[in-house]
Amino acid sequence: MRRILIVGGGYTGFYTAWRLEKRLRQGEAEVTIVDPRPYMTYQPFLPEVAVGSVEARHVAVSLRRHLRRTTVIAGSVTAIDHAHRTATLRPVDGPDRQLGYDTIVVTAGAVTRTFPIPGVAEGAIGLKHVEEAVAIRDRLLTAFERAAGLEPGTERSRLLTVTFVGGGFTGVEGFGELLSFATALLRSYPELTFPELSFHLVEAEDRILPEVTGDVGRWVVRHLERRGGRVHLGTRLVSAENGHVVLSDGEEYDTELLVWTAGNGAHPVVATHTDLPVDEHGLLRVRADLRVGTEHAPVPDAWGAGDNASVPDLASPVPGARTVPNAQHAVRQGKRLAANLVADLRGGRVRPYRHRSLGVVATLGLGRGIFQYRRLVVRGFPAWLMHRGYHVLAVPTWERKVRVLLVWLSAVPFGRDIVSLASVQHPRAAFTAGGRPRPATGLVARRSGRTVPAVSADPVTGRSSSAGRPDQMPPQQRTAPRSIVPFRRARHLRRH
């Protein structure tokens, strides 16, 4: 039985395994998929997860639930030695081990591209995984809650400042959604005003959304600025240490939330830890039929697709063009890859990947969007409906489609939920605090003229108040509170 190893369980890897299960006969091949996460994330919905329009779990498709005839391994492939048909597996727990295969499919995807900018590694959040989208939402809601309790000033301004770095689809969609969400939140926070909101989108190039034409990109900039956002074109982030943003145009300000969406980088296992051929950008060299190699020198038993591969774009009139890394191509390449694997296994003819773009569509916030197909441009509410319609059809499995639709329908009469669950990052805070909340005075009792400090924990940070720790109290105060009942009343109760 032939052993097929799929490296990566993202779009392309998931759809390849899913289609193989439908096409392979019983006992024809053994399929194994390796990914550190037990689910595939539908990334186009992440901006809506960040504002609560879609539930986080609804964009995560379980690998084990939907790949019932595929061996799912939780871990990462750290090296590929195709000459010996082995891959180095680093499981979530336990030591590294070698994993043998007959055919390898490299669909590891890309990683977030970062630069050595001071403060970015310490304070920025990406928008490539569902955990990051949830953290962005909780950070924004917590900032609003804190700002509402402060007087107007420097600290309040910092809490209400959001910065996105990167003007691609992820950055623009995330920026537009959070700007829309923050504006709507003001109805629940009468202490705050619209002029206090400060949203910045920083892009190093002189335009945003490179997949659309220049005039459409300029319209999006004007649209976001009319809604109160600031778009910095041709500007780089110089520093973000301790939340203090310094831009290359000289502007400086403090920000509470810094979201990094400045493109993708080559996956390390493809770029530097494999004997398979890669190009100058660290991407896997593949042919039009998705075999690894060149047109005249294919690599036997090696296939690749998705964001980690340089796939020829046969539908483009530009010679040597490569497919752009987006969801449309990733999903369709996975389907073509599965069909070619089965055809090759049975001695049939493999076919090249060719897909004409269906156009590009982006959400710019609730009820706002942009769509372009060649010269056809749709703006506003109709484009937003097209965005939702396309992606609810594209998200895999009917179960996920129905769940997403139900959340959208419930939001029509009730609106989006505005509860922050940042405290789930510290689930033991309440437990370790012993269930004793800190009173407004910071005291729990007065006994014989002595004050016993409170023991408390911040529900967001999980840190206990040092005033309540016996090892940090003066010796005369290290007395366990026996009761919050006044001393004389307690003595009376003992007599009875």
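Procedures and definitions
Residues numbered from 1 in each chain as written. Predicted model: local features only at pLDDT ≥ 70, side-chain atom pairs only at ≥ 80, totals over all residues. Heavy atoms only, no water. Core = buried A, V, L, I, M, F, W, Y, C linked by side-chain atoms within 4.5 Å. Buried < 20%, exposed > 50% of the residue type's maximum accessible area, 1.4 Å probe, protein only. Helix = DSSP H or I, 4+ residues; strand = E, 2+ residues; numbered from the N terminus. Pairing = 2+ DSSP bridges. Axes fitted to C-alpha atoms, helices over the stretch in contact; angles between N-to-C directions. Contact = heavy atoms within 4.5 Å. 1 Å grid on protein atoms, 1.4 Å probe; cavity = no way out; pocket = protein on both sides within 12 Å on 5 of 7 lines; lining within 4 Å. Points joined across faces, edges and corners; volume = space filled by probe spheres on them. Nonpolar A, V, L, I, M, F, W, Y, C, P; charged D, E, K, R; others polar. Polar contact = N/O pair within 3.5 Å; in protein donor to acceptor, adjacent residues only side chain to side chain. Expected span 1.5 Å × (residues − 1). Arc of directions from axis to C-beta. Parallel < 35°, antiparallel > 145°, perpendicular 65-115°, else oblique. Left-handed = near helix turned anticlockwise from the far one by under 90°. Salt bridge = Lys/Arg side-chain N within 4 Å of Asp/Glu carboxyl O.

Next up on the list: the nonpolar core. Across soluble globular proteins, you tend to see nonpolar side chains buried next to one another. One finds Ile80, Phe144, Leu178 and Val220 to be the most contacted residues of the largest nonpolar core, which totals 111 residues. Of the residues forming this core, the biggest block, nine residues, is contributed by helix H5 (residues 130-148).

With antiparallel pairing, the three strands of this open sheet are ordered in space as S22-S23-S24. Because the sheet does not close on itself, it has two edges, and the strands there are strand S22 (360-365) and strand S24 (376-379). Within the sheet, the average angular offset between the axes of one strand and its neighbour, ignoring direction, is 10°. In this structure, S22 lies alongside strand S23 (residues 368-373), joined through five bridges in antiparallel fashion. Note that in S23 the partner of Val361 across the bridge is Phe371. Where helix H8 (residues 214-226) meets the sheet, it contacts S22, S23 and S24, and its direction lies at approximately 175° from that of S23.

Here the focus is the environment of Leu186. Along the chain, Leu186 falls in the loop between helix H7 (169-185) and strand S11 (198-203). Classification of Leu186 as buried rests on a relative accessible area of 14%. Separated by eleven residues in sequence, Leu186 and Leu197 have C-alpha atoms that sit 9.6 Å apart. Ignoring any residue separated from it by four or fewer positions in sequence, one finds Leu186 in contact with Phe144, Leu192, Thr193, Phe194 and Leu197.

Attention now moves to the layout of surface pockets. By volume, the second largest pocket amounts to about 680 Å³. Lining the second largest pocket are 23 residues, and of these Glu55, Ala56, Arg57, Val134 and Leu421 sit closest to its centre. Elements supplying a minimum of two residues to the lining of the second largest pocket: H5 and helix H12 (398-414). The biggest single contributor to the lining of the second largest pocket is H5, with five residues. Residue classes in the lining of the second largest pocket are distributed as twelve nonpolar, four polar and seven charged.

Attention now moves to empty space enclosed by the protein. Following the criterion strictly, the structure yields two cavities of 30 Å³ or more and no others. There is about 50 Å³ of room inside the second largest cavity. Lining the second largest cavity are Arg2, Ile4, Thr103, Trp303, Leu341, Asp344 and Leu345. Sorting the residues of the lining of the second largest cavity by element identifies strand S1 (2-7) and helix H10 (327-345) as the ones contributing at least two each. For the lining of the second largest cavity, the leading source of residues is H10, giving three residues.

Right, let's get into the side chain of His232. With respect to the helices and strands, His232 occurs in strand S12 (residues 229-233). According to the relative accessible area criterion, His232 is buried, its value standing at 5%. A distance of 2.9 Å separates a polar atom in the side chain of His232 from a polar atom in the side chain of His200. When near neighbours in sequence (up to four residues on either side) are disregarded, His232 contacts His200, Leu201, Val202, Glu203, Leu247, Asp249 and Glu251.

Below, the discussion takes up H12. Spanning 17 residues, H12 covers 24 Å between terminal C-alpha atoms, matching the ideal 24 Å at 1.5 Å per step. Taken as a whole, H12 has its buried residues at Arg400, Lys401, Val404, Val407 and Trp408. End-on, the buried residues of H12 take up no more than an arc of 130°, which puts them together on one face. Opposite the packed face of H12, turned more than 90 degrees from it, sit the exposed residues Trp398, Leu406, Leu409, Pro413 and Phe414. Its buried side turned inward, H12 meets helix H2 (46-49), strand S4 (60-62) and helix H11 (381-394). Phi for Gly415, located one or two positions after H12, is positive at around 80°.

This part takes up the packing of H5 against H7. Look at H5 against H7: their axes get within 12 Å of each other, and the N-to-C directions meet at 30°. With respect to each other, H5 and H7 are oriented roughly parallel. Note on packing geometry: the crossing formed by H5 with H7 is right-handed. Contacts between H5 and H7 involve Ile136, Leu140, Leu141 and Phe144 from the first element and Leu178, Phe181, Ala182 and Leu185 from the second. Grouping the constituent residues of the contact of H5 with H7 by class yields eight nonpolar, no polar and no charged.

We now examine the pattern of salt bridges. Once the charged atoms of two side chains with opposite charge are near each other, the side chains can pair. One pass over the full model with this rule turns up 21 salt bridges. Of the charged contacts in the structure, one is a salt bridge between Arg3 and Asp102, with a shortest N-O distance of 3.3 Å. One end of the pair, Arg3, is in strand S1; the other, Asp102, is in the loop between strand S7 (97-100) and strand S8 (103-106), with 99 residues separating them in the sequence. Here Glu251 ties to Arg230 by a salt bridge, and the two come within 2.7 Å at their closest N and O atoms.

Here we take up unusual backbone geometry. Even without being glycine, Asn242 reaches a positive phi, approximately 55°. When you line up the elements, Asn242 lands in the loop between strand S13 (237-239) and strand S14 (244-247). We classify Asn242 as exposed; its relative accessible area is 83%. The backbone of Leu290 sits at a positive phi, close to 75°, despite the residue not being glycine.

As a further point, take H11. Spanning 14 residues, H11 covers 20 Å between terminal C-alpha atoms, matching the ideal 20 Å at 1.5 Å per step. Regarding H11, the residues found buried are Ala383, Trp384, His387, Arg388, His391 and Val392. Each buried residue of H11 lies within a common arc of 165° when the element is viewed along its axis, so the set occupies one face. Looking at the packing, one finds that the buried side of H11 touches H2, H7, S22, S23, S24 and H12.

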